[in-house]
Amino acid sequence: MTEYGRGSGPEPWHPEDPLHGDSGWSGHEAQQGRMPFGGVPQHQYPQEPQHQQYLQQEQYPGQTQGYPQQPQPHQQMPVQQPAYDGGGQAWDTAPGGYAGAPQAAQAYPGTGQYPGAAEGYPAADGYPQADPYPAPDPYAGADPYAQQPVGGYPGEAPDLYGTPEAYPPPKPPGRRDPEPGAEPEDDEPDEDSALSDSGRDGDDNDRDAGSGGGRRAGRSKGKGKGKPKRSGAACLVAALVIAGVVGGGGYYGYSYLKARFGSAEDYAGSGNGESVEVEIPNGATVAQMGSILKEAGVVASTQAFVDAATADKRSTGIQPGTYTLQKKMSSASAIAVLVDPSKLNVLTIPEGKRAVDVYKMIDKKLGKPEGTTAQIAQQQAKNLGLPAWAVSTRKVRDPLEGFLYPTRYDLSKESTPESLLKQMVKNANDKYAALGLEGKAKELGLANPYELVIVASLVQVEGNKHDDFRKMSEVIYNRLKPSNTATNQKIEFDSTINYIKGTSNINVSREETRRIDDPYNTYRYAGLPPGPISNPGDEAVNAALDPDKGGWMFFVSIDGNTTTFTKTFAEHDKLVAEFNERQKKKSGG
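The rules behind these values
Residues numbered from 1 in each chain as written. Predicted model: local features only at pLDDT ≥ 70, side-chain atom pairs only at ≥ 80, totals over all residues. Heavy atoms only, no water. Helix = DSSP H or I, 4+ residues; strand = E, 2+ residues; numbered from the N terminus. Buried < 20%, exposed > 50% of the residue type's maximum accessible area, 1.4 Å probe, protein only. Contact = heavy atoms within 4.5 Å. Areas by Shrake-Rupley, 256 points an atom, 1.4 Å probe, with all protein chains shown as cover. Phe/Tyr/Trp six-rings, centres within 6.5 Å; stacked < 30°, edge-to-face > 60°. Lys NZ or Arg CZ within 6 Å of the ring centre and 35° of its normal. Salt bridge = Lys/Arg side-chain N within 4 Å of Asp/Glu carboxyl O. Arc of directions from axis to C-beta. Axes fitted to C-alpha atoms, helices over the stretch in contact; angles between N-to-C directions. Parallel < 35°, antiparallel > 145°, perpendicular 65-115°, else oblique. Left-handed = near helix turned anticlockwise from the far one by under 90°. Nonpolar A, V, L, I, M, F, W, Y, C, P; charged D, E, K, R; others polar. Lys, Arg positive; Asp, Glu negative; His and termini not counted. Patch = residues over 30% accessible without salt bridge, like charges linked within 9 Å, V, L, I, M, F, W, Y side chains within 5 Å. pLDDT = per-residue confidence, 0-100.

> What is the right way to look at the overall build of the protein chain in this model?
Helices and strands together make up the secondary structure of the protein chain, namely 16 helices and six strands. Across the 589 residues in the protein chain, those meeting the buried criterion constitute 35%. Looking at the protein chain alone, contacts between residues at least 24 apart form 67% of all its contacts between residues at least 6 apart. Of the roughly 35,200 Å² of accessible surface on the protein chain, 52% is carried by carbon and sulfur atoms.

Here you go:
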């Protein structure tokens, strides 16, 4: 065993190993080798040839076998050998030399032998021979780390410890410093651990100070700097970050699972009392309706509305339009409003309604005083978008009659009587233009498209059923013909008398038909009335454009629901007599 890797504990002693045990260390460091002759290198002489013969002798641990050299005939410089207790040899630790081989303090001049060669055994060819029976080592117990002076013999290895760039000589194990950059071993608990309170730290300090032994001393130096302690604020920040990550992940995970497998979010009750208008467009799907309601704050989620609509079969009848609902309604409550036509915030104009009745409906729906819309229609008729071919004379009772197109109108908070009238006129113009009234009026023998609208309004009022519209249109066109001698081109419709009176009676006396002097009295004045008497729908207009070709001239409404058409006046008189007889029986006459 050499001095490297030695631990601080006791080791077994071997009588032939001078390197075992450090108890004899006196605290002196190894001396650095000195260059002979004041640092000037010796003059080298060529050596005589030698027989390379290995010395047959025991080697100590760490000792290498060397080749003895032929003594030089030149003068040898005696070197003072430092002596230790009991005297002894010096150990040459220089690399390349006779490592660990004992040498004499000085050579014996003229003998041709080196110390250590046995007396009485001549050397072969003048070369010294190893003693096969070496004497006991006289230098046992000497300091193995003391530096042996360097002899000035030619061929001897130079002292590598004496130069500035040389490695320092080895030190005893108890005085070795840890290598630079080496990390102390962590096989012991930290100084600030719970074990330090039990007194072990104090024991370690005493041992380090007293013994200076081995790795304990190295660890003491390594720990002298102390491990950096973890900051409490850093630990808190780390904990908060971890908690945030875990909490955020849990929240999103919960949201995903709830959206995936849980029931859709929904409000409870019929709302919070805050009204909101929602428009359902034409052709919207249930999912689109739910999305619109969710954006308006009516329902909590689209899916909840879809689920409620699926459960309620009435949802298939939801009509497009504007609805007045409340915010934060349950989906079921919202469905109940949407399927109820009376809850729809719209204004529906039926076919055949007179303009005066339409005005009243607008006032009532918008909460305006009665007569408000009629006054606007009278004062702003020219500004509401009537077509250029619409006739406006003093004889026309209402210029908007026939142009208030019957359909449903969606209302909102911005709706006004004026805006509604403009929308109705626009719809009528679009419909009439699409049907080509201007071109077909002349084909039918009419003066202008306005007369065609008049015909359509008469068809709408007199015809009880849509199946009767084309026959009624044929009656009108036949009575307008110059060849009509039965009525002399007079229309003779009771509906015109009711329009004048503002009534809707089925029984019109002959005396009234003769007494009322009004351009709209078709019993008194030939031809068409000055203007339409109602606002016709699509079927009435189409019937006016395409009358029946059956040659019908007369008709009688038997019971108010059934109309009978005839071609001759005789057939007509017979039907009239039957009608009068039924009326007498109803009155008890």
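Now that the structure is up, let's keep going.
> Where do I start with the packing of aromatic side chains in this structure?
We describe a pair of aromatic rings using the distance from one ring centre to the other and the angle between the two ring planes. In total, this model carries nine aromatic pairs according to the counting rule given. For the pair F554 and F569, a centre-to-centre distance of 5.6 Å together with 65° between the ring planes defines the contact as edge-to-face. Taken together, the positions of F554 in strand 5 (residues 554-557) and F569 in helix 16 (residues 569-587) put the pair 15 residues apart, joining distant regions of the chain. The exposure class assigned to F554 is buried, which follows from its relative accessible area of 3%. An aromatic cluster of three or more residues is present, and its members are W389, F403, Y432 and Y450. Between the NZ or CZ atom of K567 and the centre of the ring of W552, over which it lies, the distance is 5.3 Å.

> What's the story with the pattern of salt bridges in this structure? I'm lost.
Pairs can form between side chains of opposite charge whenever their charged atoms are close. If you walk through the whole model with that rule in mind, you get 11 salt bridges. R314 is paired through a salt bridge with D312; the nearest N and O atoms lie 3.0 Å apart. For the salt bridge of K422 with E418, the shortest nitrogen-to-oxygen distance reads 3.5 Å. With K422 and E418 both in helix 9 (residues 417-435) and four residues apart, the pair spans about one turn of that helix. Judged by relative accessible area, which is 29%, E418 ranks as partly exposed.

> Would you mind showing me how to read helix 8 (residues 372-379) here?
In an α-helix, one turn spans 3.6 residues, which is why side chains three or four residues apart end up on the same side. For helix 8, the set of buried residues is T373, I376 and A377. One side of helix 8 carries all its buried residues, which in axial view fall inside an arc of 100°. Opposite the packed face of helix 8, turned more than 90 degrees from it, sit the exposed residues Q378 and Q379.

> Looking at this structure, how should I read helix 12 (residues 469-479)?
In terms of burial, helix 12 is a largely internal element, nine of the 11 residues being buried. Buried within helix 12 we find F469, M472, S473, E474, V475, I476, Y477, N478 and R479. The inward-facing, buried residues of helix 12 abut helix 11 (449-462), helix 15 (538-545), strand 5 and strand 6 (563-566).

> Just checking my understanding: could you explain the packing of helix 4 (residues 286-295) against helix 5 (residues 302-311) for this structure?
Any two packed helices are characterised by the angle at which their axes cross and by the distance between the axes. For the pair helix 4 and helix 5, interaxial distance at closest approach is 8 Å and the crossing angle is 135°. Comparing the axis directions of helix 4 and helix 5 gives the class oblique. As for the relative orientation of helix 4 and helix 5, their crossing is right-handed in sense. For the pair helix 4 and helix 5, the contacting residues are V286, A287, M289, G290, S291, L293 and K294 in the first and T302, F305, V306 and A309 in the second. Split into classes, the residues belonging to the contact of helix 4 with helix 5 amount to seven nonpolar, three polar and one charged.

> Even after reading the chapter, I still don't get the side chain of R354, so can you show me in this structure?
By the secondary structure assignment, R354 is in the loop between strand 3 (346-348) and helix 7 (355-366). For the buried R354, no salt bridge exists, and the shortest N-O distance to an oppositely charged side chain is 5.1 Å, to D357. Ignoring any residue separated from it by four or fewer positions in sequence, one finds R354 in contact with E401, N498, Y499, G502, T503, S504, I533 and N535.

> What is the right way to look at unusual backbone geometry in this model?
Trans is the prevailing form of peptide bonds, just as negative phi is the prevailing case for residues other than glycine. Unlike most non-glycine residues, N488 shows phi in positive territory, near 55°. Structurally, N488 is set in the loop between helix 12 and helix 13 (494-501). You can call N488 exposed: its relative accessible area is 51%. Of note, the phi angle at E492 is positive, near 55°, even though the residue is not glycine. Here E492 is to be found in the loop between helix 12 and helix 13.

> Sorry, what's going on with the environment of G273 here?
Mapped onto the fold, G273 is located in the loop between helix 3 (232-261) and strand 1 (275-280). We classify G273 as exposed; its relative accessible area is 52%.

> Could you clarify how one ought to interpret the packing of helix 5 against helix 6 (residues 331-338) in this entry?
Axis separation between helix 5 and helix 6 bottoms out at 8 Å; the angle between their running directions is 60°. By the criterion of interaxial angle, the relationship of helix 5 to helix 6 is oblique. In terms of crossing hand, the pair formed by helix 5 and helix 6 is right-handed. Across the interface between the two elements, A304, F305, A308 and A309 of helix 5 pack against S331, A332, I335 and L338 of helix 6.

> Even after reading the chapter, I still don't get a nonpolar patch on the surface, so can you show me in this structure?
Among the surface-exposed residues, V237, V241 and V245 lie close enough to one another that they form a single nonpolar patch of about 270 Å² accessible area. For V241, the position within the fold is in helix 3.

> Help me understand the side chain of T373 in this model?
Position of T373 relative to the elements: it lies in helix 8. Residues in contact with T373, not counting those within four places in the same chain, are Y359, I362, D363, P417 and L421.

> How should the environment of G550 be read in this particular structure?
One can find G550 in the loop between helix 15 and strand 5. Relative accessible area serves as the criterion here: at 21%, G550 is assigned to the partly exposed category. A sequence separation of 79 residues divides G550 from K471, and the C-alpha atoms of the two residues are 7.5 Å apart. Beyond its immediate stretch of four places on either side in the chain, G550 contacts E474 and K567.

> Just checking my understanding: could you explain the confidence of the model for the protein chain for this structure?
Any residue range with low pLDDT should be treated as having predicted coordinates unsuitable for detailed reading. Scored by pLDDT, the protein chain has a mean of 74; 59% of the residues are at 70 or more. The low-confidence segment residues 22-128, where pLDDT is below 50, has 159 contacts with residues more than four positions distant or belonging to other chains. Scored below 50 in pLDDT, residues 187-225 shows 38 contacts in the model against residues more than four places distant or in partner chains.

> What am I meant to see in the environment of I558 here?
Its location among the elements puts I558 in the loop between strand 5 and strand 6. A relative accessible area of 26% places I558 in the partly exposed class. In this structure the C-alpha to C-alpha distance between I558 and R582, which are 24 residues apart in sequence, comes to 8.8 Å. Once residues lying within four places of it in the same chain are set aside, the contact partners of I558 are T564, F579 and R582.

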